[in-house]
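# Notes for the structure review
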Amino acid sequence: MMKRVRTAAAAAALTLVGVVPLAAVATPAQAAEARVDNPYVGSKAYVNPDWSALAAAEPGGSAISNQPTFVWMDRIAAITGSSSAKGLRAHLDTALAQGANLVQIVIYDLPGRDCAALASNGELGATELGRYKTEYIDPIAAIMADSKYANLRIVNIIEPDSLPNIVTNAGGTAGSTDACATMKANGNYEAGVGYALHTLGALSNVYNYIDAAHHGWLGWDSNMPPAVTEFKKAATTSGATVNDVAGFIVNTANYSALTEPNFKVTDSVNGTTVRQSKWVDWNYYVDELSFAQALRTSLVASGFNSNIGMLIDTARNGWGGTARPTAPGALTSVDTYVNGGRVDRRIHAGNWCNQSGAGIGERPTTAPATGIDAYVWAKPPGESDGSSTAIANDQGKGFDRMCDPTYTGNGRNGNSLTGALPNSPLAGAWFSAQFQELLKNAYPALTTTPPPVDTTAPSAPTALTSPAKTSTSVSLSWTASTDNVGVASYDIYRGATLVGSTNGTTTTYTDSGLTASTAYSYTVKAKDAAGNVSAASSALSVTTSAGGTNDTTAPTAPTALTSPAKTSTSVSLSWTASTDNVGVTGYNVYRGATLVGSTTTATTYTDSGLTASTAYSYTVRAKDAAGNLSAASSALSVTTSGTSTGSGCTAVYTVSSDWGAGFNANVTVTNNGTSAINGWKVTWTYSGGQTITNLWNGTATQSGQAVTVTNAGYNGALGAGANTSFGFGASNSGSGNAVPTLTCTTS
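Along each chain, the written sequence defines residue order, and numbers are assigned to residues from 1. Since the coordinates come from a predicted model, pLDDT governs what is reported: local features require at least 70, and pairs of side-chain atoms require 80 or more to be given and counted, while whole-chain, interface and lining totals use all residues. Just so you know, side-chain values use all the structure's heavy atoms and leave hydrogens and water out.

For the rest of this paragraph, the subject is the overall build of the protein chain. Numbered from the N terminus, helices here are DSSP runs of H or I no shorter than four residues, and strands are runs of E no shorter than two. Assigned secondary structure in the protein chain consists of twelve helices and 34 strands. Each radius of gyration is computed over the set of C-alpha atoms, and the globule rule expresses the reference value as 2.2 Å times the number of residues to the power 0.38. A globule of 747 residues ought to have a C-alpha radius of gyration of about 27 Å, and the protein chain, at 29 Å, matches this closely. Dimensions of the protein chain, computed from C-alpha atoms along their principal axes, come out at roughly 90 × 75 × 50 Å. To sort residues, take the accessible area from a 1.4 Å probe on protein chains only and compare it with the maximum for the residue type: under 20% means buried, over 50% means exposed, and anything in between is partly exposed. For the protein chain, the residues scored as buried account for 53% of the 747 residues in total. Calculation of accessible area relied on Shrake-Rupley with a 1.4 Å probe; when residues are assessed, cover is drawn exclusively from the protein chains displayed. Roughly 29100 Å² of accessible area belongs to the protein chain as shown, and the carbon and sulfur atoms make up 53% of that amount. Positive charge is attributed to Lys and Arg, negative charge to Asp and Glu, and no charge count is given to His or to the chain ends. Charged groups are reduced to one reference atom each: NZ for lysine, CZ for arginine, CG for aspartic acid, CD for glutamic acid. Both charge centroids of the protein chain, one from 40 positive and one from 47 negative side chains, sit 1 Å from each other.

As structure tokens, this is what we get:
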């Protein structure tokens with residue numbers, strides 16, 4: 001997460017007044033509750049089991065593994081999830097199962113994301129605002145709008161680093177980049193943030209907090225007022241209003257100290273103010289608490305609601321350990337005074353990647369100070385900020401030299417060493433060395449008892465069998481071992497040779513590359529995390545088949561076939577993987593009875609070249625290497641989005657959410673001519689009982705089933721190839737909601 005430096009009432013508790021931990025238990029409401037000023041008051045926050053398991057597996061990690069952390073929706077695929085990480089709906093369902101009534105989500109996939117930091121670049125290009133709306137925000141909103149989540153308070157951080165980059169890195173400063181200049185010019189950061197605020201803010205149980213960087217980025221008088229102006233602009237763009245903003249968050253994924261106890265910004269040494277020290281560098285703030293409170297005052301003065309609250313990410317800003325100063329530095333000079341006393345021990349306040357010496361900060365806490373809704377853990381401890389060397393990936397994440405411990409810096413960190421830990425993985429990946437660094441330097445210190453040394457080996461695996469074999473492979477299966485702490489892995493032996501290993505939850509293995517009509521002897525041993533190894537299982541002798549394959553078992557049918565996205569000419573499909581006695585080698589996708597495509601082991605497919613406003617039926621079948629084909633999945637019917645007819649412009653209509661009695665929809669208008677237009681009009685006729693109740697980014701009239709929408713004053717002028725969009729909410733008294741045919745004309 002990119003970080004920058006300078007460029008030119010009483011706290012509430014759950015049931016009592018005072019400071020309380022976020023994890024304190026509250027009784028879940030039985031009916032949808034009224035909106036509250038501070039969603040953290042009276043909350044039991046969700047603990048993400050994906051992160052918690054990783055933390056608990058680390059030595060000493062159990063001290064913090066039960067803490068609530070934010071879940072990052074950092075790409076479109078994160079919405080549906082994967083075999084190794086829950087999707088959004090699964091997180092919300094798990095929160096309900098935990099009895100939680102508050103879930104914390106990071107919305108983070110803007111077009112041209114984080115234009116000044118390669119490590120956190122994203123999947124969407126600078127001009128792909130339409131995809132951000134229809135493939136990212138709309139599906140998230142549709143899931144959050146599910147009535148079964150009405151009792152969950154959903155706290156969203158809206159797009160870390162985006163708006164601050166527009167303020168300080170879009171031209172004329174040492175930290176400026178061409179990418180940020182592009183995003184400032186095209187307005188897609190503001191339009192995207194506004195759309196997210198408006199769309200998600202329409203849900204009464206959703207609380208949006210805009211990211212506001214940190215004191216070492218926006219704390220100077222040359223940066224804070226322009227930032228406040230930029231925040232207000234984005235919060236009133238794309239249909240959003242200040243009412244869609246519950247507050248702001250500072251220090252997201254950063255390391256700035258919560259407070260600096262050993263000096264104040266008003267201190268002087270020998271007549272020289274602390275602000276003149278190299279560390280403070282004329283900043284008006286030296287810590288996050290004072291910055292957050294001052295920023296809140298400025299935001300309210302600019303027109304944001306007076307009840308907005310601030311969040312502070314304290315996951316990694318503890319700066320404890322044996323090197324933590326306990327008193328001010330020497331009075332020799334202002335620099336010795338500040339450097340000797342500051343608890344933030346970074347080489348430079350502009351350093352942001354996997355910082356050496358950092359520690360766990362204050363635990364998540366509700367209403368700890370005036371104007372502060374909560375201390376939260378936005379960046380889960382142990383998740384990397386970026387890789388220390390270039391790593392190929394399909395997530396759009398680049399290699400940023402600020403994550404390289406040998407790099408001597410740039411204008412954003414005063415050309416200093418980065419202070420980054422070595423051997424770091426991609427941003428978001430688990431980084432054990434960072435996690436251990438944070439535990440070691442926690443402040444307040446963690447109170448843990450070292451676990452006893454484990455010397456007990458797991459039991460031997462039992463019931464070793466071979467459920468399938470070919471002329472060149474043998475499949476094995478066994479009954480799991482037990483252990484006093486837990487089985488970490490299994491080792492598989494062919495005779496005395498170790499041929500493979502599995503993790504502690506996998507009790508199957510396929511040994512390949514064998515010779516036909518040959519007998520092989522197998523045993524399996526279990527291991528635990530302490531390295532204790534079990535006795536071997538009973539040996540199993542298996543003779544491979546006599547050439548070819550005798551596999552006649554078909555894979556199971558794919559399940560949970562869904563369509564996460566669609567356009568007027570394409571349908572995207574996703575399904576849950578099949579299983580097979582040997583292994584699934586691919587999937588066939590059918591439109592009706594026609595085979596339209598195949599995948600290898602991927603469980604997604606996009607069918608293109610379709611007709612607008614048309615229903616299509618899809619099924620998927622799995623196949624294995626022997627050619628066995630599974631039964632078909634359950635059929636899924638998908639209707640493509642509508643598109644327009646007309647001259648000079650086109651309009652594409654997409655339903656973003658539908659709950660029977662009403663729905664939300666978006667229409668994208670594109671100038672498909674070769675010259676600029678000054679205005680547009682979109683018309684359509686509904687076939688049922690749909691009635692528009694509110695519309696943004698345009699002016700609507702409806703007479704019976706006929707609808708006409710004309711541009712607003714600010715989005716009628718479109719250059720050749722440019723597009724804009726409007727959205728609306730509608731009621732539906734009919735039994736269907738077919739996508740209408742649109743006509744778009746220009747003026």
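Turning to the side chain of R275, a few remarks are in order. Relative to the helices and strands, R275 resides in the loop between β8 (272-273) and α10 (288-302). In what follows, salt bridge is the name for a side-chain nitrogen of Lys or Arg lying within 4 Å of a carboxyl oxygen of Asp or Glu. No salt bridge is formed by the buried R275; the nearest opposite charge belongs to D221, separated by 5.1 Å. Within polar-contact distance, the side chain of R275 engages the backbone oxygen of N283 at 3.1 Å. What qualifies as a polar contact is a pair of N or O atoms within 3.5 Å, subject to a donor-acceptor requirement within protein and to the restriction that residues adjacent in sequence count only when both atoms come from side chains.

This part covers the state of the cysteines. Note on disulfides: each one is a pair of cysteine sulfur atoms within 2.5 Å. What the rule picks out here adds up to three disulfides. Disulfide pairing places C115 opposite C180 at an S-S distance of 2.0 Å. Across the S-S bond linking C115 and C180, the dihedral sits near 95 degrees, which makes this disulfide right-handed. One end of the pair, C115, is in the loop between β3 (102-107) and α4 (129-144); the other, C180, is in helix α6 (residues 178-186), and 65 residues separate them in sequence. For C115, a relative accessible area of 8% gives the class buried. A relative accessible area of 0% means that C180 is categorised as buried. Bridging C353 to C403, the disulfide has an S-S length of 2.1 Å. Residues C353 and C403 are joined by a disulfide whose S-S torsion is about 100 degrees; by sign, that bridge is right-handed.

Attention now moves to the layout of surface pockets. For the largest pocket, the calculated volume is near 1600 Å³. Detection works on a 1 Å grid of protein atoms alone, calling trapped sets that fit a 1.4 Å probe cavities and calling open sets with protein on both sides within 12 Å along at least five of seven lines pockets, with lining residues defined by an atom within 4 Å of a point. What lines the largest pocket is a set of 45 residues, and nearest its centre among them are T80, T562, S563, P564 and A565. Contributing elements (two or more residues each) for the lining of the largest pocket: α2 (77-80), α3 (88-98), α4, β19 (559-566), β20 (571-576), β23 (604-607), β25 (636-639) and β27 (649-658). Of the voids in this model, the second largest pocket is the one considered here, and its volume is about 840 Å³. Grid points are joined across faces, edges and corners, and a volume is the space filled by probe spheres set on the points.

Right, let's talk about the nonpolar core for a bit. Only buried Ala, Val, Leu, Ile, Met, Phe, Trp, Tyr and Cys residues count toward a nonpolar core, and they belong to the same one when joined by side-chain atoms within 4.5 Å. In terms of nonpolar packing, the biggest core is built from 74 residues, with F231 and F248 touching the most fellow members. Ranked by the residues each element gives to this core, the list is headed by α4, at eight residues. In this view, F248 contacts Y209, I210, A212, F231, L299, F304, I308, G309, M310 and L311; residues no more than four positions away in its chain are not counted. Grouped together as the second largest cluster of nonpolar side chains are 22 residues, C649, V709, A730 and C744 included. By definition in these notes, contact holds between two residues if any of their heavy atoms fall within 4.5 Å.

Glancing now at the environment of Q293. When you line up the elements, Q293 lands in helix α10. Discounting chain neighbours no more than four positions away, the residues touching Q293 are A369, T370 and I372.

On to the pattern of salt bridges. Enumeration over the complete set of coordinates arrives at 17 salt bridges. Between D344 and R346 there is a salt bridge, and its shortest N-O distance comes to 2.8 Å. K379 is paired through a salt bridge with D385; the nearest N and O atoms lie 3.9 Å apart. Among the charged side chains, a salt-bridge network with shared partners connects E128, R131 and E135.

So, on to unusual backbone geometry. The omega torsion across Y443 and P444 is 0 degrees, close enough to zero to call that bond cis. As for its placement among the helices and strands, P444 is situated in the loop between α12 (432-440) and β12 (462-469). Positive phi outside glycine occurs at W319, with the angle close to 50 degrees. Within the element layout of this structure, W319 appears in the loop between β9 (309-313) and α11 (334-341).

Strand order in the open sheet formed by four strands is β15-β14-β17-β18, with antiparallel pairing between adjacent strands. Two strands lie at the open edges of the sheet, namely β15 (497-503) and β18 (540-543), each paired on one side alone. Ignoring strand direction, the axes of neighbouring strands in this sheet form an average angle of 30 degrees. The pairing of strand β17 (residues 519-528) with β18 spans four bridges and is antiparallel. Two strands qualify as a pair provided that DSSP identifies no fewer than 2 bridges between them. A fitted line through C-alpha atoms serves as each axis, taken over the contacting stretch for helices, and the angle formed by two N-to-C directions is quoted from 0 to 180°.

Time to look at the sheet that holds β12. In spatial order, the strands read β12-β13-β16; together these three strands make up an open sheet with antiparallel pairing. The sheet terminates laterally at β12 and β16 (508-511), the two strands that pair on one side only. For this sheet the average axis-to-axis angle between neighbouring strands, irrespective of direction, equals 25 degrees. Bridge count between strand β13 (residues 474-479) and β16: four bridges; the pairing is antiparallel. Bridge pairing links V474 to D511 in β16.

A few words now on helix α1 (residues 49-56). Buried within α1 we find W51, S52 and A55. Angularly, the buried residues of α1 cover 100 degrees about the axis, an arc narrow enough to put them on a single face. Contact partners of the buried residues in α1: α12. With a side-chain oxygen lying 3.0 Å from the backbone nitrogen of D50, the N-terminal cap of α1 falls on N48. Directions drawn from the helix axis to the C-beta atoms are what define this arc.

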